[in-house]
Amino acid sequence: MKRILNLSLALALLLPLAAAAEAPDQLIRRVSSEMIDRIKADTALQAGDYTKMSELVDSTVMPHVDFQRMTALAVGRHWRVATPDQQKQLMTEFRALLLRTYSGALASVKDQSIRMKPLRADPKDTDVIVRSEVVPPRGEPVQLDYRMSRQGESWKIYDVNVLGVWLIETYRNQFGQEVSSGGIDGLIRTLTDKNRAFAPARKS
């Protein structure tokens, strides 16, 4: 179950979105299947190759994720008092944290599939929750939901829910404790140290 949970989070973070001509749930269905197929066909991604995953995220994911909003929500009220340079550092380290956290989950892609739930939204809505499940060959499906906002002619993800737990809320609690004890710079140092400790294990 732990491997399936990690896979669900990894898929949520490695999910590229296309144009808004498709409904949000149709986008999730199509690109989730495409992502699973791509991982299955690439042994380096299956092995958690950090460099290849970073390239994958940069080229296909980041243009379609509101990462600044995601980072700001994770940092919470402290984001507003951070300087532009601190905000930039937080975004850099938060991105590295997410890559570090979910790189190993790529190796869990075997025979999973995606099952969509009905989209409960009005066509005019600009903020929706798309609900889905990761279905393993055996065992119970894992809830995987996305908060998405429409920005111009595209939809972007800014939060993910696995088994009832929203990603942003989890990090906000952790980051809030760090800021309370060491300020914004303390949070940046903690994230930097954790990411730097992981650096030697990255595969080139």
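In case you missed it, the structure is sitting above this.
Residues numbered from 1 in each chain as written. Predicted model: local features only at pLDDT ≥ 70, side-chain atom pairs only at ≥ 80, totals over all residues. Heavy atoms only, no water.

Draft legend 1. Spatial organisation of the environment of D111. Among the structural elements, D111 can be located in the loop between helix 6 (84-102) and strand 1 (113-116). For D111, a relative accessible area of 54% translates into the label exposed. For the pair formed by D111 and V135, sequence separation is 24 residues and the distance between their alpha carbons is 8.6 Å. Those residues in contact with D111 that lie beyond four places of it in its chain are K40, V135 and P137. (Helix = DSSP H or I, 4+ residues; strand = E, 2+ residues; numbered from the N terminus. Buried < 20%, exposed > 50% of the residue type's maximum accessible area, 1.4 Å probe, protein only. Contact = heavy atoms within 4.5 Å.)

Draft legend 2. Structural detail: the sheet that holds strand 2 (residues 127-135). Spatially, 5 strands are ordered 1-2-3-4-5 in an open sheet, and the strand pairing comes out antiparallel. Looking at the sheet topology across the chains shown, the edges are occupied by strand 1 and strand 5 (165-166). Two elements, strand 3 (residues 142-151) and strand 4 (residues 154-162), share 8 bridges in a ladder whose sense is antiparallel. Each bridged residue has a counterpart across the sheet, and for R150 the counterpart in strand 4 is W155. Here helix 2 (residues 24-40) sits on the sheet and contacts strand 1, strand 2, strand 3 and strand 4; the angle it forms with strand 1, its principal contact strand, is near 175°. (Pairing = 2+ DSSP bridges. Axes fitted to C-alpha atoms, helices over the stretch in contact; angles between N-to-C directions.)

Draft legend 3. Geometry of the pairing of strand 1. Burial along strand 1 is one-sided: I114 and M116 are buried, while S113 and R115, pointing the other way, are not. Pairing geometry for strand 1 and strand 2, over 4 bridges, is antiparallel. Among the inter-strand pairings, R115 is bridged to a residue of strand 2, identified as E133.

Draft legend 4. Structural context of helix 5 (residues 67-75). Listing the buried residues of helix 5 in full gives F67, M70, T71, A72, A74 and V75. Two residues or fewer past helix 5, G76 is found with a positive phi of approximately 75°.

Draft legend 5. A look at the layout of surface pockets. Put simply, the second largest pocket is a space of about 150 Å³. As for the second largest pocket, its lining consists of 12 residues, and the residues nearest its centre are A23, P24, D122, P123 and W155. (1 Å grid on protein atoms, 1.4 Å probe; cavity = no way out; pocket = protein on both sides within 12 Å on 5 of 7 lines; lining within 4 Å. Points joined across faces, edges and corners; volume = space filled by probe spheres on them.)

Draft legend 6. Here's a closer look at the packing of aromatic side chains. Tallying each qualifying case throughout the model produces 4 aromatic pairs. Seen in terms of ring centroids, F67 and F94 are 5.7 Å apart; in terms of plane orientation they differ by 25°. Their pairing is stacked. On the criterion of sequence distance, the pair formed by F67 in helix 5 and F94 in helix 6 is long-range, its members being 27 residues apart. Considered together, F67 and F94 belong to a single accessibility category, that of buried residues. Between F94 and Y171, the aromatic rings sit 5.3 Å apart at their centres with planes inclined by 85°, giving edge-to-face as the arrangement. You can see F94 sitting in helix 6 and its partner Y171 sitting in helix 7 (residues 167-198), a full 77 residues away along the chain. With relative accessibility at 1%, the residue F94 sits in the buried group. (Phe/Tyr/Trp six-rings, centres within 6.5 Å; stacked < 30°, edge-to-face > 60°.)

Draft legend 7. Up close: helix 2. When the terminal C-alpha atoms of helix 2 are compared, their 24 Å separation across 17 residues agrees well with the 24 Å that a helix rising 1.5 Å per residue should span. For helix 2, the full list of buried residues reads P24, D25, L27, I28, V31, S32, M35, I36 and I39. When helix 2 is viewed along its axis, its buried side chains cluster within an angular range of 145° and face the same direction. (Expected span 1.5 Å × (residues − 1). Arc of directions from axis to C-beta.)

Draft legend 8. Seen up close, the pattern of salt bridges. Applying the stated criterion across every chain, the model contains 6 salt bridges. Two residues, E133 and K117, come together in a salt bridge whose shortest N-O distance is 3.5 Å. Residue E133 is located in strand 2, and its partner K117 is located in the loop between strand 1 and strand 2; the two are separated by 16 residues in the primary sequence. Using a relative accessible area of 14% as the deciding quantity, one classes E133 as buried. With its nearest N and O atoms 3.3 Å apart, the salt bridge here joins D145 to R131. Residue D145 is found in strand 3, and its partner R131 is found in strand 2; the two are separated by 14 residues along the sequence. Residue R131 is classed as partly exposed on the basis of its relative accessible area of 34%. Where salt bridges share partners, they join R115, K117 and E133 into one cluster. (Salt bridge = Lys/Arg side-chain N within 4 Å of Asp/Glu carboxyl O.)

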